[in-house]
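# Descriptive structure summary
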Amino acid sequence: MTPLDILRAHEPGRRTRPEDCASRTPLPIDEGDRVGVVLFNMGGPATLDDVEPFLYRLLMDPLFLDVPVGGRMRHWLATSIAYARAESLRERYELIGGGSPVPRLAHEQAEVLQGQLQARYGEPAGVEFRTYPAMRYGTPFPEEAAAAMAADGIDKVVLLPSYPQYSTATTGSALAYWEALGEAGERPSWPTTVVPEYAANPKYVQAVSERIDEALQRFPKGVRDDVALVFSAHDTIFNVRGQRKTPYCCHVHSTVEQVMRLRGRDRLFRTAFQGMIGPNRWLSSSTPAAITTLANQGRRAVLVIPITFVTDHVNIRYDLDVSVRETAEAHGVDHFEVTAGLNTHPLFIEALGEAALAQLDMPTDLSQLRHGGDGHTGAYPLRALGQLPRHPIRHETGACPSCGRQRGARRWTRPGQSPPPEPSTDRPASAPGDRSGPTAESRSREDS
């Protein structure tokens, strides 16, 4: 389908919440089934020549850029902006290697995930797993993934976004595209289940924490204990988030909360958002503003964690590692680092596998197959995400600090199966070396 076809098929208000697409019951899988796992990603321009058409498709997506124009006017607007911005974006991509690393890394993730699913779960259960990367704005497009699945004789399908946190602009957009293909008769219809989010999956959380530990080793020993953490999430349009109740910001804060809980809240941290494009109101605070504030408070060592990006990306390699680094240094930050993308980190691949398997009713006991000796597998059973309770929002206000709602990510573990969390998110700024913890009153709060 063309971007204009997708725009015309758009129905405002659909696919704006995880509940709109998640099934409460697992999809039955029989021995001998061939299961296709569609790994959604935004994609990226693999070459400099791909930059302008990639940007055009991005701007044509009404779930990414919410502007009150449609049809031919939207086409003209997207064409004009893509043309005007393409040159500066090509310069950024040239600086990071001549193209986006996302297509290559997304294929690597799909390949490793297929191997993990097949070896650990498929072969013992007599089920075949195959994975298919599908890019929202680049190749292979979802219709290409669907054609490959049809050629491979796929019986049942799992739609698995590479976005741990649910956003209308990412997961919602990918699902809307897939649904439009079905309604237009441009792909076969299969029994299908959807993974809406896995923002608090324990293995995903541990993978992020391990990337933090790796990056901390790049700081001089003398300043390592005083490094402040800034979790940087890609931004989302506020009027989509506010009017349509997308819980994206709540999921971001849930992920950060679980990472810092796992780490024992070992240092000061902030959560911020990287600005994107468009005339809408965006989330705050921005990543450069958060780092500037830390610098003004005397912090001289900062580590940025791109919390919602699961592969290396231009927003990491250029926006954070070049542009934001310059801002940090200009404000007196002497030591600045950015964590690597999760890419094919083994724990992240396991998290993807668990997210997919949780939506399936396999013909064998998964608890026996999941034993891996990593200390996490036995801590929680796999249940369909729609059956899981939510994490409480841990903030001094008792609600999401960005939107004021209480819609945390789904909780994979049961109360009592993991250490009780400390009850605040971003700690107040303090002098370097300060290790003050939560108050006795805050420690008394328990999981819901």
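Our structure's up above, just so we're on the same page.
On a predicted model such as this, the values are computed, not experimentally measured, just so you know.

## Observations regarding helix α3 (residues 71-95)
Here α3 contains 25 residues, and its C-alpha end-to-end distance of 35 Å stays within 8% of the 36 Å for a straight helix at 1.5 Å per residue. At alanine 86, α3 shows its largest kink, close to 45°. Every buried residue of α3 is listed here: Arg74, Ala78, Ala82, Ala86, Leu89 and Tyr93. Elements in contact with the buried residues of α3: α1 (3-9), α2 (51-59) and α12 (314-330). Within two residues after α3, glycine 97 carries a phi angle of roughly 120°, on the positive side.

## Observations concerning the sheet that holds strand β3 (residues 128-135)
Pairing is parallel in the open sheet, where four strands are placed in the order β3-β2-β4-β5. Taken across any chain shown, the strands that pair with only one partner, and hence form the sheet edges, are β3 and β5 (192-194). Along the sheet, successive strands turn relative to each other by an average axial angle of 20°, direction set aside. Across six bridges, the pairing between strand β2 (residues 34-41) and strand β4 (residues 156-161) is parallel. When the sheet's bridge partners are listed, glycine 36 is paired in β4 with valine 157. Strand contacts of helix α5 (residues 142-152): β2, β3 and β4, with the helix running at about 160° to β3, the strand carrying the most contacts.

## Some points on the sheet that holds strand β6 (residues 228-234)
The sheet built from four strands is open, its strands ordered β7-β6-β8-β9 with parallel pairing. What marks the edges here is a single partner per strand, and that holds for β7 (269-274) and β9 (335-338). Ignoring which end each strand starts from, the neighbouring axes of this sheet average 25° apart. The strands touched by α12 are β6, β7, β8 (301-306) and β9; relative to β9, the strand with the most contacts, the crossing angle is about 165°.

## A look at the packing of helix α7 (residues 202-216) against helix α13 (residues 346-357)
Two numbers describe a pair of packed helices, the interaxial angle and the distance between the axes. At a closest axis distance of 8 Å, the pairing of α7 and α13 adopts a crossing angle of 165°. Put simply, α7 runs roughly antiparallel to α13. Considering only the axes of α7 and α13, their crossing is left-handed. Counting all contacts with α7, which are made through Lys203, Tyr204, Gln206, Ala207 and Glu210, the residues of α13 involved are Leu347, Phe348, Glu350, Ala351 and Glu354. Looking at the contact of α7 with α13 residue by residue, the class counts come to five nonpolar, one polar and four charged.

## With respect to helix α4 (residues 102-125)
Three- or four-residue spacings in an α-helix give side chains the same orientation, since the helix completes a turn every 3.6 residues. Here α4 is 24 residues long and its end C-alpha atoms lie 32 Å apart, about the 34 Å a rise of 1.5 Å per residue gives. Taking the largest bend as the criterion, α4 deviates by roughly 45°, centred on glutamine 118. Phi turns positive, to about 70°, at glycine 126, one or two residues after α4.

Conventions used here
Residues numbered from 1 in each chain as written. Predicted model: local features only at pLDDT ≥ 70, side-chain atom pairs only at ≥ 80, totals over all residues. Heavy atoms only, no water. Helix = DSSP H or I, 4+ residues; strand = E, 2+ residues; numbered from the N terminus. Expected span 1.5 Å × (residues − 1). Bend = angle between axes of the 7 residues up to and from the residue. Buried < 20%, exposed > 50% of the residue type's maximum accessible area, 1.4 Å probe, protein only. Contact = heavy atoms within 4.5 Å. Pairing = 2+ DSSP bridges. Axes fitted to C-alpha atoms, helices over the stretch in contact; angles between N-to-C directions. Parallel < 35°, antiparallel > 145°, perpendicular 65-115°, else oblique. Left-handed = near helix turned anticlockwise from the far one by under 90°. Nonpolar A, V, L, I, M, F, W, Y, C, P; charged D, E, K, R; others polar.

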